[in-house]
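The primary structure of each chain is shown beneath.
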Number of protein chains: 2
Amino acid sequence: MTTTPDGRPRRMLTLGAVLQGAGGHIAGWRHPLSPPDGELDLAHHIRVAQTLERGTFDALFIADVVAISGTDLDALHRTARSVRFEPLTLLAALSTVTERIGLVGTASTTYNEPFHVARKFASLDHLSAGRAGWNAVTSVLPQEAANFGRDAHLEHGLRYRRAEEFVEVVRELWDSFDDGAVRRDIAAGRYYDPTGLRTPHHRGEHFAVRGPLSISRPPQGHPVIFQAGSSEAGKDFAARYGEVVFTGQGTLAGAQRFYADVKARAAAHGRNPDHLLVWPILAPIVGDTEAAARARRDELLELIHDDVARRLVQDTVGDVDLSGYPLDGPLPEVGETNRSRSRSEQMLDLARRENLTIRGLARRSSGGGMITGTPETIADHVEEWFTGRGADGFNVGFPYLPGAAEDFVDQVVPELRRRGLFRESYTETTLRGHLGLPRPVAIARRDDLTHPSEPLADEPSRAGSR
Amino acid sequence: MTTTPDGRPRRMLTLGAVLQGAGGHIAGWRHPLSPPDGELDLAHHIRVAQTLERGTFDALFIADVVAISGTDLDALHRTARSVRFEPLTLLAALSTVTERIGLVGTASTTYNEPFHVARKFASLDHLSAGRAGWNAVTSVLPQEAANFGRDAHLEHGLRYRRAEEFVEVVRELWDSFDDGAVRRDIAAGRYYDPTGLRTPHHRGEHFAVRGPLSISRPPQGHPVIFQAGSSEAGKDFAARYGEVVFTGQGTLAGAQRFYADVKARAAAHGRNPDHLLVWPILAPIVGDTEAAARARRDELLELIHDDVARRLVQDTVGDVDLSGYPLDGPLPEVGETNRSRSRSEQMLDLARRENLTIRGLARRSSGGGMITGTPETIADHVEEWFTGRGADGFNVGFPYLPGAAEDFVDQVVPELRRRGLFRESYTETTLRGHLGLPRPVAIARRDDLTHPSEPLADEPSRAGSR
Ligand SMILES: Cc1cc2nc3c(=O)[nH]c(=O)nc-3n(C[C@H](O)[C@H](O)[C@H](O)COP(=O)(O)O)c2cc1C
Ligand SMILES: Cc1cc2nc3c(=O)[nH]c(=O)nc-3n(C[C@H](O)[C@H](O)[C@H](O)COP(=O)(O)O)c2cc1C
């Protein structure tokens, strides 16, 4: 950590990267600098993870939905979105071939049980010696509901109430054993100190979980909690439980508003706002010149198949049927849309303002927050958002992998280091350490836990025999 | 594969080993040849896995319960049973540091969702290039129920009906993509062939799962299904779905009966009985002489703490309170027991017949199927059970790790090889290959799947926006 002119330690920029098969862009898998089979190629994932570690990234992050992410199979089969590793197994595999980088995986609070989630992330934290993070999501796709016996999602507010209770239970489970309770005293024949084991006996609105968790307290106390809600309920959830908050922001002003908003909410919940980091998405394409970077981007956009382009626009602006319209012609007038209003209106506005064709809009929409530049101009962008309090760091979504990550690590990271914004090398060993987040103190003991060996409703003997 | 005198290929012995922290014996963690912190020490697990791979084992196996496995915390804190890695994360980590050995994990059909289980094992199968196996259990401990919002287990028969539907759904999900459907044709922009994607649309008694699974068909087609039921329902389940069946058997005659029984059941279900392997448990302690091996065993048994000994006997013979009785005195008369009758009666019989003290019975009961011998006599035992059709192989539970595994690999495995019973080196790369099991053909297409892009009840747009 460097110091400010008045001698106080300076907060460093933090960086995560999305590990996503052949890359974050919908046509990334067709890019010449991506392996087409990146999605299920472990060696490719190892290469990317080790590249990011060379770049002293704080974490790599695996997004996830528990479904194939698309209903329109005509377009879906032209993207690599349909096939992926399950995140926790992939992260566990990567824990053995990396040493310092944080390993962050997504798990839904709507389609999981707290016991399983607590256990998996505690296990990953032990496997990786304190590098695990959990991106807690409430899930948005109806295809996910359909994989778990439900016709539709729980209502949005209810999903977040369930999520809150879910996180509470998970944290209690992580605290089942006190730090140091598992002493392994061979001579005395004491594997753990029984006064250091706490059984949660949780009974709430959504969950009844007795516990305890069958694993020592995680090295980090709790794996780091990541979150990406953007609704009111989502931001409030982030403010209460999130330690790193992802957000998609198109402008610095928007990022600053979001930043101030969630930090204020965290403070209102009695938290130190420095213990919640805001990470907007950054999707960089680097070139030696601005023109070279733009050419790289255009080369990628060229690879969007016509069917995918049409589907992207339909998904963006609403379920109009665009099949009759030429891709290189203008967008037809669309009426009332049934899509998320703000996003679709923004896109329609953009199309009108800039006179975009259907293909043009597809390219714009697929790009998300893609920015092009030289190492210097990309570092300028990062610095501006960071010092301008629009970001504590970034969640970098490389459009194609490993190419774009290698360029970033070899060209942009050195520039960020030169400016004193980013670490020269890892100084800590855990994800919490990298991020400057405190290690949580275990939840205080509860009164109802004075009889830890109370019998259960049913004895093991009976259940186990017939 | 060697050949029999008449030139037909000879079925080889197959071997799995339980990977269980510091070892399978309850006092294993106190053994001088075990690290006391083996349970959460990845380096230790890697060492054991690599030792087993040196011994060309077919698989390593991780047992699991989704709870702390014991109610009596006084005894529990004196054992290492309370703390362990979550199996799938550990197996995924081991997949990167091993090359050939099968990786078998336990997952309960009672406390999981088919989509998650299908996905995790498919992911492990891809990570390990075809080495995954799933031990499908229905769970027996009431503590597990209490971690998932239930006061007691589902009734036994119902658990197995749920298990059957569970496995059916999992297999359908594994078959979501046809072999080779994910072609990644960059030039044509076709990631997969849409005619090769099947959406299960499962609706049954216990589950409604739309699918498809978001991962290519596993390299093995289906990960290998392991099973360990011993009730009528359990054996029937094994006969229908199991490919390797674990069983605890004390005598060759008992093993032969079990072997003949499940093979006949498999045949009755229209299966080739050779495609279901029976693996009794084997818990060997090897010494240069019989006496040396017995001394090693006794050294281990000495390490059982008094509280643990008392609890073992209480758990075995019924919930009598033994606290008033000296451990080195005789077992008091116990009346009607509420434990599994056959096991408790066997143990009571044994105690009376051999005039065992409480401690003596505890040692006997903790030993399970522990056998002591020289490399030759242990190989004799293996050979006798194998050629006598009591076993197609063994699930070896080493009492302490890594010591007992190293002895076995260095001394017993060479003897088994000398006798032509066991492979000299791996000849195959997948777990199915090692075990001589066929690769499942994908489930035939269903009629209701002709419209794979039919809309869902709810459109993504609505659920995702507010
Ligand atoms: C960078 C980023 C990553 C996200 N990753 C996931 C993910 O992996 N899985 C998921 O279901 N949702 C993911 N989301 C969606 C959010 O969890 C959230 O549902 C969305 O931002 C809408 O906010 P709301 O739930 O508060 O309405 C992500 C969002 C962002 C900005
Ligand atoms: C070698 C072996 C390993 C087993 N592993 C597990 C396990 O990991 N988890 C579990 O819940 N049960 C395990 N069991 C228990 C069985 O799954 C099964 O519940 C038990 O044998 C009783 O049979 P039943 O369910 O047919 O009554 C195991 C049994 C054996 C013999």
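Everything numeric here is computed off the predicted structure, so don't read it as measured data.

Draft legend 1. View of the pattern of salt bridges. Following the criterion strictly, the structure yields 64 salt bridges over all chains and no others. Of the charged contacts in the structure, one is a salt bridge between Arg47(B) and Glu406(B), with a shortest N-O distance of 2.9 Å. Here the residue Arg47(B) occupies a position in helix H1 (residues 42-54), and Glu406(B) occupies one in helix H14 (residues 403-418), the gap between them amounting to 359 residues. The exposure class assigned to Arg47(B) is partly exposed, which follows from its relative accessible area of 46%. Through salt bridges with shared partners, one network takes in Glu232(A), Lys235(A), Asp236(A), Asp261(A) and Arg265(A).

Draft legend 2. Focus on the pairing of strand E1 (residues 14-18) of chain B. Residues and elements named next belong to chain B. Most of E1 is tucked away: five of the five residues are buried. A two-sided burial pattern is seen for E1, the buried positions comprising Thr14, Gly16 and Val18 on one face and Leu15 and Ala17 on the other. Where E1 lies against strand E11 (residues 393-396), four bridges are found, and the strand directions are parallel. Note on E11: the bridge partner recorded for Ala17 is Val396.

Draft legend 3. Main features of the packing of aromatic side chains. Across all of its chains, the model carries 36 aromatic pairs over all chains by this definition. Ring centres of Phe237(B) and Tyr241(B) lie 5.5 Å apart, and the angle between their planes is 50°; on these two criteria the pair is classed as tilted. Linking Phe237(B) with Tyr241(B), this pair stays in helix H7 (residues 232-241), spanning four residues, or about one helical turn. Judged by its relative accessible area of 4%, Tyr241(B) falls in the buried class. Grouped by ring-pair contacts, the aromatic residues Phe121(A), Trp134(A), Phe166(A), Trp174(A) and Phe207(A) constitute a single cluster.

Draft legend 4. Spotlight on the UniProt feature "binding site: FMN" (unreviewed entry) in chain A. Residue and element names in this part refer to chain A. Here, UniProt's "binding site: FMN" (unreviewed entry) annotation points to Asp64, Thr106, His156, Tyr160, Ser230 and Ser231. Mapping His156 onto the fold places it in helix H6 (residues 156-174). For His156, a relative accessible area of 14% translates into the label buried. When you line up the elements, Ser230 lands in the loop between strand E7 (224-227) and helix H7 (232-241). Overall, the relative accessible area of 59% leaves Ser230 in the exposed class.

Draft legend 5. Just the domain arrangement of chain A, in detail. Residues and elements named next belong to chain A. The domain boundaries assigned to chain A delineate domain 1 (14-288 + 368-435) and domain 2 (305-365). Opposite the eight residues of domain 1 that make contact, domain 2 presents seven residues. Between domain 1 and domain 2, a total of about 640 Å² is buried, with carbon and sulfur atoms accounting for 58% of that surface. Taken together, the links from domain 1 to domain 2 amount to two residue pairs in polar contact (both at pLDDT 80 or more). Counted by class, the side of domain 1 that touches domain 2 contains two nonpolar, two polar and four charged residues.

Here is what the cut-offs are and how they apply
Residues numbered from 1 in each chain as written. Chains lettered and ligands numbered in written order. Predicted model: local features only at pLDDT ≥ 70, side-chain atom pairs only at ≥ 80, totals over all residues. Heavy atoms only, no water. Salt bridge = Lys/Arg side-chain N within 4 Å of Asp/Glu carboxyl O. Helix = DSSP H or I, 4+ residues; strand = E, 2+ residues; numbered from the N terminus. Buried < 20%, exposed > 50% of the residue type's maximum accessible area, 1.4 Å probe, protein only. Pairing = 2+ DSSP bridges. Phe/Tyr/Trp six-rings, centres within 6.5 Å; stacked < 30°, edge-to-face > 60°. UniProt positions renumbered as here; feature names shortened; annotations may be inferred. Domains from an automatic or database assignment. Contact = heavy atoms within 4.5 Å. Buried area = accessible area lost by both parts, 1.4 Å probe. Polar contact = N/O pair within 3.5 Å; in protein donor to acceptor, adjacent residues only side chain to side chain. Nonpolar A, V, L, I, M, F, W, Y, C, P; charged D, E, K, R; others polar.

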